[in-house]
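Fold and geometry: a report
Now for the letters of each chain:
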Amino acid sequence: MKNILIQLDTDSLPSTFDRVVAVDAGVDELFSYGNVSSDNVMGLVHGAMFTRGSKHLRHTAIFIGGSHVNDGEELLETVTATFFGPVSVSVMMDSNGSNTTAAAAVLSAGQHLDFTNISAAILGGTGPVGHRAAELLSARGANIRLYSRSKVRAESTCHQIKTNLPNARLEAAELKPSDELAAELEGTSLLIAAGAAGVGFLTENDLSKIMSLKVAVDLNAVPPTGLGGIGVMDKAAEKLNCLCYGAIGVGGLKMKIHKAAIEKLFLSNDQVFGTQEIFGIGEELLKA
Ligand SMILES: NC(=O)c1ccc[n+]([C@@H]2O[C@H](COP(=O)([O-])OP(=O)(O)OC[C@H]3O[C@@H](n4cnc5c(N)ncnc54)[C@H](OP(=O)(O)O)[C@@H]3O)[C@@H](O)[C@H]2O)c1
């Protein structure tokens, strides 16, 4: 039986990136829909649920994407609420690459660090990727300082994470100019820059002054990059007194995780791949 992936995109034009990965992951048929929202998704989900018998339901799966991560999350809730009993298909949510990117960033750092009780800082921590990286690190015992230009926004993100993970140790912090930020980050072992494309946080000189740093990850590929001195291709590059990863250095693992997750969707009809599950798939890949 053919494996069919139903791509539900909240943008008007379904993402070509997600379509290419689906093809590379070996799906036999890809049905792509744009402008999908909670208001119009039910019929599409029913079409997936009611066409194939229970034995064959695993051969149909849903991928939720689009550039607005909040819309994707809402869609995921509606899609999973539409299933009943054993009549479901597996679903993955990766709007704007948020889950796969956060997983790849944290897993890259995890090659060199045990996260239990370490001090980590996330710049641009209120965005979808930073938020998820904070969630993944919190679940693994790290102490996190989460930065935003607005302390209120940082507090709100910390609050959301603590709602799911009551034991998370998170502190909200306001972004500062590069030199002050570097001084404040002394004592931090892991730094992840997850700011918007083209946003620089620290100069190379200031970054190199943070003597406690063991791993620095910059997810912004658009010049100026988030962390001065880190090249987009860097992958465990030894420089600036620590191990450095750039956006493309992390991107290779992100692509592998995305592809592996699509492949796994077809193993059974009852899986929901969100942040933690996608991280788990990445962990398995690295162990293999
Ligand atoms: N390597 C990969 O494979 C890959 C894949 C996907 C995404 N990415 C990259 O990962 C990064 C994070 O993605 P995202 O979608 O989470 O980003 P985003 O939502 O566009 O931005 C993240 C945060 O950056 C902060 N920010 C925005 N403009 C700023 C400015 N001028 N100065 C300081 N801070 C600013 C905002 O926080 P506040 O407003 O609260 O300050 C925002 O919440 C992006 O650079 C993206 O391009 C990489």
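This one's a predicted model, so the numbers in the text were calculated from it and none came from an experiment. (Residues numbered from 1 in each chain as written. Predicted model: local features only at pLDDT ≥ 70, side-chain atom pairs only at ≥ 80, totals over all residues.)

**Brief notes about the domain arrangement of the protein chain**
Partitioning the protein chain into structural domains gives domain 1 (4-97 + 254-287) and domain 2 (101-250). The distance between the C-alpha centroids of domain 1 and domain 2 comes to 28 Å. Listed as interface residues are twelve residues of domain 1 and, on the opposing side, twelve residues of domain 2. Looking at the side of domain 1 that touches domain 2, the elements that each hand over two or more residues are α9 (247-265) and α10 (275-287). Here the residues of the side of domain 1 that touches domain 2 sort into five nonpolar, five polar and two charged. (Domains from an automatic or database assignment. Contact = placed C-beta atoms within 7 Å. Helix = DSSP H or I, 4+ residues; strand = E, 2+ residues; numbered from the N terminus. Nonpolar A, V, L, I, M, F, W, Y, C, P; charged D, E, K, R; others polar.)

**Things to note about unusual backbone geometry**
What you tend to see is this: most non-glycine residues have negative phi, and most peptide bonds are trans. Cis geometry is adopted by the peptide bond preceding P224, which originates at P223 and carries an omega value of -10 degrees. Inspection of the secondary structure assignment puts P224 in the loop between β9 (215-218) and β10 (237-239). The residue N96 is not glycine, and still its phi comes out positive at about 55 degrees. Note on placement: N96 falls in the loop between β4 (90-93) and α4 (98-110). A positive phi angle is found at L240, which is not glycine, with a value near 50 degrees.

**Details of the site of the ligand**
Among the 26 residues in the neighbourhood of the ligand, the closest are listed as G124, G127, S148, R149 and A196. Sorting the residues of the shell around the ligand by element identifies α5 (128-139) and α9 as the ones contributing at least two each. No other element matches α9, which puts four residues into the shell around the ligand. Its residues assigned to classes, the shell around the ligand shows eleven nonpolar, twelve polar and three charged. Built from parts of two domains, the shell around the ligand gets at least three residues from each of domain 1 (4-97 + 254-287) and domain 2 (101-250). (Near = placed C-beta within 6 Å.)

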